[in-house]
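# Structure at a glance
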Amino acid sequence: MSVLFLAICALLSCSHADDEKDVVPTSLPKLYVHYGVMSSRLPNGSRCADIYINQHLNDSTDYGMRFCNKENTLNRNFDFYQLYLLDGGKPKPSDCHSVNSDAYHFMAGHETDYIVAMQLYAAHNADGDFPDATTLFTGGFHGYNSETSGNFTPTMYEVGKAVYADGKPIAPNTSVYCDSVRVVVENMLQGANTEKADGSGRYILKQTITLTCKGGDYNIEVGLTPVEDIYFRQVNGLCFYNNFDKISFIGSKTHTGTYGKKQVTRADKCVTSIRQSNGDYFFDVFMAPEYGIGNQQYNDDQFNASIESAGKSYFQLIYRNNGLLVPSGKSLHFRGGYRFGSSR
């Protein structure tokens, strides 16, 4: 195990030491985790991560979610990638971690971003190629000029990543049974008015993504800390691509029906989960309304959840047409995640 890997683990675990205590595994662990790597590398030199987290669904079927650095996107952003069913029926969760296995059955996922890009810009020294820009997206899978494919420079840089099983760090190319897993990723993002085509754009925001699972939900907390005074115009938090045909808004008081996956719909500000379903299974993206910016205090729109024309369903946490000023060093946070289950 390299000195660099140990240093990254120590750095990323310091601010999260109180979030999760060591978990003593039970005789039948809840999870199977495979922390693999891809052939491509991030700008920081590390290989793109490929993480499978499997658990039981019922007596005969297991399921899992795959999180990875999406090597086909401009930013190679770490993100949710796939939901899948697995052949089960054994005491321990399936150890399958290959999309080419006959035991692996794809359910949902896409190359698009699920931990969503944002509209943010610097309050001072707008020295990018678009000094007056406020509506370009950076981070997520959006590169230069909001582009999502082609020969464009990234707008996000991954500083480091650490993975823990039962509170202890694990190295790449490790498989383990455990009762809890935690992944911590730190990114730096450019602003709409600081990005440059030659790749020398200024990074103005630190983003910390913490993925945790202790069986059941796959929870995600995101911290946003400006390294200089910035404005947020729009922050969506989490979303998903609509693979299933039916969409519903859990918690809404005005939109209580079921909607088509391409039916542009904007619900009220009471939605706690967006659910896609196919009759047999449901797949939810959820937000914690009582935590951080999930409380809608910075959302000037009349909705907090929607189906959009891109075939995706989004939450919306911040919307300020003239921008929300956040000074350097002040952190904003939100919590949410992904949930899967049987409808039968």
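Calculation rules
- Residues numbered from 1 in each chain as written.
- Predicted model: local features only at pLDDT ≥ 70, side-chain atom pairs only at ≥ 80, totals over all residues.
- Heavy atoms only, no water.
- Phe/Tyr/Trp six-rings, centres within 6.5 Å; stacked < 30°, edge-to-face > 60°.
- Helix = DSSP H or I, 4+ residues; strand = E, 2+ residues; numbered from the N terminus.
- Buried < 20%, exposed > 50% of the residue type's maximum accessible area, 1.4 Å probe, protein only.
- pLDDT = per-residue confidence, 0-100.
- Contact = heavy atoms within 4.5 Å.
- Pairing = 2+ DSSP bridges.
- Core = buried A, V, L, I, M, F, W, Y, C linked by side-chain atoms within 4.5 Å.
- Salt bridge = Lys/Arg side-chain N within 4 Å of Asp/Glu carboxyl O.
- Axes fitted to C-alpha atoms, helices over the stretch in contact; angles between N-to-C directions.

### Observations regarding the packing of aromatic side chains
Two measures describe an aromatic ring pair: the distance that separates the ring centres and the angle between the ring planes. The final tally for this structure, using the stated rule, is 18 aromatic pairs. Note on Tyr63 and Phe340: the rings are 5.2 Å apart at their centroids and 50° apart in plane angle, and the pair reads as tilted. A residue pair is termed long-range when its members are at least 10 positions apart, and Tyr63 in strand S3 (residues 61-69) and Phe340 in strand S23 (residues 332-342) qualify at 277 residues. Grouping residues by exposure puts Tyr63 and Phe340 together as buried. Centre to centre, the rings of Phe80 and Phe283 are 5.7 Å apart; their planes meet at 35°, and the pair counts as tilted. In this pair, Phe80 sits in strand S4 (residues 78-87) while Phe283 sits in strand S19 (residues 281-287), placing the two residues 203 residues apart along the sequence. The class for Phe80 is buried, based on a relative accessible area of 0%.

### Some thoughts on the confidence of the model for the chain
Across the chain, pLDDT averages 93, with 92% of residues at or above 70. The low-confidence segment residues 1-9 (pLDDT under 50) makes 10 contacts with residues lying over four places distant or belonging to another chain. Segment residues 13-25 is flagged for pLDDT under 50; beyond a separation of four residues in sequence, or across chains, it makes 20 contacts in the model.

### Thoughts on the pairing of strand S11 (residues 203-213)
With 8 of 11 residues buried, S11 lies mostly within the body of the structure. Alignment of strand S10 (residues 181-190) against S11, held across 10 bridges, turns out to be antiparallel. Across the sheet, Val185 pairs through a bridge with Ile209, a residue of S11. Here 9 bridges tie S11 to strand S12 (residues 218-226), and the two strands are oriented antiparallel to one another. Each bridged residue has a counterpart across the sheet, and for Lys206 the counterpart in S12 is Thr225. Hairpin remark: S11 followed by S12, antiparallel, with 4 residues in the connecting loop; positive phi at Gly215, about 95°.

### Re the nonpolar core
Grouped together as the largest cluster of nonpolar side chains are 67 residues, with contacts concentrated most on Ile53, Phe232, Phe283 and Tyr338. A per-element tally of this core places S11 first, with 5 residues. If you look at the next biggest cluster of nonpolar residues, it comprises 6 residues, including Tyr52, Tyr84, Leu86 and Ala103.

### Considerations on the pairing of strand S13 (residues 230-235)
Where burial is concerned, most of S13 is hidden: 5 out of the 6 residues are buried. Pairing between strand S6 (residues 118-122) and S13: 5 bridges, direction antiparallel. Bridged to Ala122 within S13 is Ile230. As paired elements, S13 and strand S22 (residues 318-326) share 5 bridges and run antiparallel to each other. Across the sheet, the residue bridging to Ile230 is Val326, located in S22.

### A closer look at the pattern of salt bridges
Under the counting rule described, the total for this entry stands at 13 salt bridges. Close ionic contact of Arg339 with Asp217 constitutes a salt bridge, the shortest N to O distance being 2.9 Å. Taken together, the residues span a long stretch of sequence, with Arg339 in strand S23 and Asp217 in the loop between S11 and S12 at a distance of 122 residues. The exposure class assigned to Asp217 is partly exposed, which follows from its relative accessible area of 22%. Using a relative accessible area of 27% as the deciding quantity, one classes Arg339 as partly exposed. Taken together, the shared-partner salt bridges in this structure form one network comprising Asp217, Arg275, Asp284 and Arg339.

### Side note on the sheet that holds strand S20 (residues 305-307)
By way of backbone hydrogen bonds, the strands of a sheet pair with one another, either parallel or antiparallel. The strand order S14-S21-S20-S17 describes an open sheet built from 4 strands, whose pairing is antiparallel. Edge positions in the sheet fall to strand S14 (239-241) and strand S17 (265-266), since each of these pairs with one other strand and no more. With 2 bridges joining them, S17 and S20 adopt antiparallel strand pairing. Counted as the bridge partner of Arg266 is Ser306 from S20.

### With respect to the sheet that holds S13
Ordered in space as S6-S13-S22, the 3 strands form an open sheet in which the pairing is antiparallel. Lying at the two open borders of the sheet, with one neighbouring strand each, are S6 and S22. Here the strands of the sheet are splayed against their neighbours by 20° on average, with no regard to which way each runs.

### Side note on unusual backbone geometry
Positioned with a positive phi, Asp166 is a non-glycine residue whose angle comes to about 50°. Tracing the sequence through the fold places Asp166 in the loop between strand S7 (156-165) and strand S8 (168-170). Notably, Gln296 is not glycine yet its phi reads approximately 75°, a positive angle. One can find Gln296 in the loop between S19 and S20.

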